Amino acid sequence: QVQLVESGGGLVQAGGSLRLSCTASGIIFGNYRMAWYRQVPGKQRELVASITSGGIINYAKFVKGRFTISRDNAKKTVYLQMDSLNPGDTAVYYCNSGPPQRALDWGQGTQVIVSS
């Protein structure tokens, strides 16, 4: 059974930092490009960043050098270091396989709230 468990969210002031983690089980982790997504109520989920098992990384334009995605294949974990957060980053953050791979079962996500 595939399971993705996100953690690390919370409430932070604008300009602050958070580090999100996502641990996968039930999959051969190294076979997947992994990605972070985020969703605001009433809006579509959007891709934030992705990383292949070999370390090829892509970021959404709105990241603008503020976030860093990484992964530990041995721990089956993908991370998202978020710096210089602003209120526009407030969302529920999810991890999943990265495009164009088929999406895995979504986890519960982790809530990030950035106060001004």
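Refer to the structure presented above.
Residues numbered from 1 in each chain as written. Predicted model: local features only at pLDDT ≥ 70, side-chain atom pairs only at ≥ 80, totals over all residues. Heavy atoms only, no water.

## Notes on the pattern of salt bridges
Argument step 1. Evaluation of the coordinates by the stated rule reveals three salt bridges.
Argument step 2. Among the salt bridges present, the one from Glu46 reaches Arg38, with a minimum N-O distance of 2.8 Å.
Argument step 3. For the salt bridge of Asp89 with Arg38, the shortest nitrogen-to-oxygen distance reads 2.9 Å. Remark: Arg38 occurs in strand 4 (residues 34-39) and Asp89 occurs in the loop between strand 8 (77-82) and strand 9 (91-97); sequence separation between them is 51 residues. By the burial criterion, Asp89 is buried, and Arg38 matches it.
Argument step 4. Because the salt bridges share partners, they merge into one network encompassing Arg38, Glu46, Arg66 and Asp89. (Salt bridge = Lys/Arg side-chain N within 4 Å of Asp/Glu carboxyl O. Helix = DSSP H or I, 4+ residues; strand = E, 2+ residues; numbered from the N terminus. Buried < 20%, exposed > 50% of the residue type's maximum accessible area, 1.4 Å probe, protein only.)

## Looking at the sheet that holds strand 2 (residues 10-13)
Argument step 1. Here we have six strands laid out as an open sheet, ordered 2-10-9-4-5-6, and mixed in their pairing. Edge positions in the sheet fall to strand 2 and strand 6 (57-59), since each of these pairs with one other strand and no more. Recorded for the sheet is a direction-independent mean angle of 25 degrees between the axes of neighbouring strands.
Argument step 2. Bridge analysis of strand 4 against strand 9 gives six bridges, and the strand direction is antiparallel. Along strand 9, the bridge assignment pairs Met34 with Ser97. (Pairing = 2+ DSSP bridges. Axes fitted to C-alpha atoms, helices over the stretch in contact; angles between N-to-C directions.)

## Comments concerning the environment of Arg45
Argument step 1. Mapped onto the elements of the fold, Arg45 is located in the loop between strand 4 and strand 5 (46-51).
Argument step 2. The class of Arg45 is partly exposed, set by a relative accessible area of 31%.
Argument step 3. For Arg45, the contacting residues outside a window of four places in its chain are Tyr37, Arg38, Gln39, Tyr94 and Trp106.
Argument step 4. Of note is the side chain of Arg45, whose polar atom sits 3.3 Å from the side chain of Gln39. (Contact = heavy atoms within 4.5 Å. Polar contact = N/O pair within 3.5 Å; in protein donor to acceptor, adjacent residues only side chain to side chain.)

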